[in-house]
Structure formats: structure tokens, C-alpha cells
Amino acid sequence: MSYVLANLDSEWRHVARCGAGRRALQRWAAVHPALRGARDPGELLERRRASAAGPAILAALAQLAPGDELAARTLLQALLPGLVRLARTTAGDDPDAIDEVVSLAWERIRTYPPDRPGPVAANVVLDVRKRYRRYRRRTAIRSLDPAAVPATTRWHGRPAEDEALDRLAMNDWLARQRALVGERCYRAVVRTGVWGLSLAEHAAEEDTTVSIIYQRRWRAMQRMRPLPLAG
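Since we're looking at a predicted model, the values are computed, not measured.

### Describing the overall build of the chain
Step number 1: The helix and strand tally for the chain stands at 12 helices and 0 strands.
Step number 2: The buried share of the chain, reckoned over its 231 residues, is 45%.
Step number 3: Considering only contacts in the chain between residues 6 or more positions apart, those separated by 24 or more positions represent 61%.
Step number 4: With an accessible surface of roughly 12100 Å², the chain has 55% of that area assigned to carbon and sulfur atoms.

Written out as C-alpha cells, the structure reads:
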């Protein structure tokens, strides 16, 4: 089991039965009938697996997730088995795949569109698979000699200068949030989110673990989520 998965499982054992989780579930159930009938988030997920109410439970959690971190964490826990399967089937050659997949899933959950049709589990897994494949393509391209790649096909058909400008614009925006998120968290977002390094590559740069880098990036994204992308 990856270090990130082990940490998530350990964290969930506490969250599933804690008082804060029970109080949160009461708040959610007051607004979403699908979440009624369970005493805590752990029991809610057990009921989701054992009944036909599963899709409605996930849909309610997805509506709550952008504004409620505990609801988002509960939804992530529900989707972990599918995310693990995705990592194994899509990237069995990448030992860090599950860490990247979980990180991408968390970002998708926290920005899930409230009016999106279709089953939540399938939508999240599909989005994560698409984004992970794009990440793998970027990684592969970085390993090539640019001179050996035809100019018309670099960066998936986009001119290299356009790709560079996009990256620089995002880097400039992130630089303005540097003081907000802290230096190490800032580097984690820029190096893995803008410049395409894997969690393992950036962990090696920082002389730390993949789990630490994952946590830094997670914290930074949480702090920057409400901020506008311009101004």
C-alpha cells in the first residue's frame, strides 16, 4: 500500500466515527434526505455500499464537497477503491500513480459542478483518467529531445511558444500567492502542477517523501481555491 493510501486509511478511521463527523452528518442530512439514517460518515458509506441509495448518497456529497472539506473527504473515501483500480489498470508501470490519481481526484471533488449530470463516481474517475493521461503525455514529451520532435506536433499540436506563455502566466499568478501558501507549498504546486514534475521527482528535489509533497500541494490548493485567477 502506498504511503498516501495508508495515511488516508488511518485518517478515515478517526474521521468516520468522530464527534465532528457525526455533527457534520446531521447538518448534511437536514438539507439532503439521501444522507439521513446514518449515525456518522463511516456508517453512511457502509449504507451506501449495502443499498440502492449509493448514487444518491454520492450525489449529495458531491454537492456539498466544494464548500465542505469533510464532505469532500467522505466522498474521496467512497471513491478510493475505484481510484486504486484506475491507477493499477491505467499506470501499472508508474509506482507513484496512485498518489497522483488521489491528488487529481481531490481537486476534482473540491470543484465538482453542482449541476453536472450522470453518476458521480463514474464522472470523477473519468475526469481523473483524462487528466492523468495528459500528465503522462507531458512527462513523456519532457523526456524527448525537442529538436527531434516536429514543430507542428510539439505540445500536442500547439506551438511551443503558446505553451510556454500559458505556463508563464500561471506561474506569475501563483507567484502572487506565494506569501499566502508558504514557500514549500508554493514550490510543490509550481513544480508538479505547472512544470509537470511527478510527485516523486519533486520529492527527490526537496529531499523528502512523496507523501510530504502531496500534503504540501493539497494544503496550497485548499488555500488558493477561493482566489480569482486574475487581478
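### Quick notes on the packing of helix H3 (residues 41-50) against helix H4 (residues 54-64)
Step number 1: Contact pair H3 / H4: the axes reach a minimum separation of 7 Å and the direction vectors enclose 140°. Taken together, the axis directions place H3 and H4 in an arrangement best described as oblique. On the side of H3, the interface is formed by Leu44, Arg47 and Arg48, while H4 contributes Gly54, Ile57, Leu58 and Leu61.

### Concerning the packing of helix H1 (residues 3-15) against helix H6 (residues 97-110)
A packed helix pair is summarised by two numbers, namely the angle formed by the two axes and the spacing between the axes.
Step number 1: Contact geometry for H1 and H6: axes closest at 8 Å, N-to-C directions at 50°. Between H1 and H6, the interaxial angle falls into the category oblique. Together, Val4, Leu5 and Leu8 of H1 and Ile98, Asp99 and Val102 of H6 make up the contact between the two elements.

### Thoughts on the pattern of salt bridges
Pairing between side chains becomes possible if they bear opposite charge and their charged atoms approach one another.
Step number 1: With the rule as written, the count across this model stands at 10 salt bridges.
Step number 2: A salt bridge links Arg17 to Asp40; the nearest nitrogen and oxygen atoms lie 2.7 Å apart. On the criterion of sequence distance, the pair formed by Arg17 in the loop between H1 and helix H2 (19-31) and Asp40 in the loop between H2 and H3 is long-range, its members being 23 residues apart.
Step number 3: Here Asp40 falls in the buried class, since its relative accessible area comes to 7%.
Step number 4: Across the pair Glu206 and Arg187 runs a salt bridge, and its minimum N-O distance is 2.8 Å. Of this pair, Glu206 sits in helix H11 (residues 199-206) while Arg187 sits in helix H10 (residues 183-194), and the two are 19 residues apart along the sequence.
Step number 5: The exposure class of Arg187 is partly exposed, given its relative accessible area of 26%.
Step number 6: Because the salt bridges share partners, they merge into one network encompassing Arg17, Asp40 and Glu46.

### Let's talk about unusual backbone geometry
It is generally the case that most residues other than glycine have a negative phi and that most peptide bonds are trans.
Step number 1: Residue Asp207 is not a glycine yet carries a positive backbone phi of 55°.
Step number 2: Relative to the elements of secondary structure, Asp207 occurs in the loop between H11 and helix H12 (210-224).
Step number 3: Since its relative accessible area comes to 72%, Asp207 is described here as exposed.

Conventions and cut-offs
Residues numbered from 1 in each chain as written. Predicted model: local features only at pLDDT ≥ 70, side-chain atom pairs only at ≥ 80, totals over all residues. Heavy atoms only, no water. Helix = DSSP H or I, 4+ residues; strand = E, 2+ residues; numbered from the N terminus. Buried < 20%, exposed > 50% of the residue type's maximum accessible area, 1.4 Å probe, protein only. Contact = heavy atoms within 4.5 Å. Areas by Shrake-Rupley, 256 points an atom, 1.4 Å probe, with all protein chains shown as cover. Axes fitted to C-alpha atoms, helices over the stretch in contact; angles between N-to-C directions. Parallel < 35°, antiparallel > 145°, perpendicular 65-115°, else oblique. Salt bridge = Lys/Arg side-chain N within 4 Å of Asp/Glu carboxyl O.

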